[in-house]
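Coordinate inspection notes
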Amino acid sequence: QVQLVESGGGSVQAGGSLRLSCAASGYTGSRNCMGWFRQAPGKEREGVATIYRTSGITDYADSVKGRFAISQDNAKNMVYLQMNSLKPEDTATYYCAADSHWWGCNLNRVFENWGQGTQVTVSS
């Protein structure tokens, strides 16, 4: 089991930056793969980035490569999403996710556990 709590969302102008945080608790083996997803009104949920807890290997959606960076502080049980050069298209509710499987940690993964989400709004 794992519990996830996101924070750091807010409103920012295009070109600005935000850093989202995900505080994780529970069995370490339930969060071998961590990810960030987002969902905008009227759109499907979209995978943003994933990171493997042990190796730090990451995977990013093409739409955010070069702008977003996922990172972690395992000692603090925290996962972050640094978002730079934000665009209005990035406006969405962002969700932190965790999965127990330690193979195939990428955007194709079906995650088991989800946080409640944090809203990000980017104005032009």
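In this text, all values refer to a predicted model and were calculated from it rather than measured experimentally.

**Some words on the pattern of salt bridges**
Following the criterion strictly, the structure yields five salt bridges and no others. Among the salt bridges present, the one from Lys65 reaches Asp62, with a minimum N-O distance of 3.1 Å. Residue classification places Asp62 among the exposed positions, given a relative accessible area of 66%. Note that Asp99 and Arg109 form a salt bridge whose closest N and O atoms lie 2.6 Å from each other. One end of the pair, Asp99, is in strand β9 (residues 92-99); the other, Arg109, is in the loop between β9 and β10 (113-114), with 10 residues separating them in the sequence. For Asp99, a relative accessible area of 0% puts it in the buried group. Its relative accessible area of 11% is what places Arg109 among the buried residues. Members of the salt-bridge network, linked through shared partners, are Arg38, Glu46, Arg67 and Asp90.

**Thoughts on the sheet that holds strand β3 (residues 18-26)**
In space, the four strands of this open sheet follow the order β1-β3-β8-β7, with antiparallel pairing throughout. Of all strands in the sheet, those bounded by a partner on one side alone are β1 (2-7) and β7 (68-73). The average angle at which neighbouring strand axes cross in this sheet is 20°, direction not considered. Where β1 and β3 come together, six bridges link them in antiparallel fashion.

Scoring rules and cut-offs
Here the residue numbering is sequential within each chain, running from 1 through the sequence in written order. With the structure being a predicted model, the display of local features is reserved for residues of pLDDT at least 70 and the display and counting of side-chain atom pairs for 80 or more, all residues being used for whole-chain, interface and lining totals. For the side-chain quantities, the full set of heavy atoms in the structure was used; hydrogens and water were omitted. A carboxyl oxygen of Asp or Glu within 4 Å of a side-chain nitrogen of Lys or Arg is what we treat as a salt bridge. Residue exposure (1.4 Å probe, protein chains only): buried if accessible area is under 20% of the type maximum, exposed if over 50%, otherwise partly exposed. Runs of H or I in DSSP of at least four residues are treated as helices and runs of E of at least two as strands, each being numbered from the N terminus. One requirement defines pairing of two strands: DSSP has to find at least two bridges between them. A fitted line through C-alpha atoms represents every axis, and for helices the fit uses only the stretch in contact; the resulting angles, taken between N-to-C directions, go from 0 to 180 degrees.

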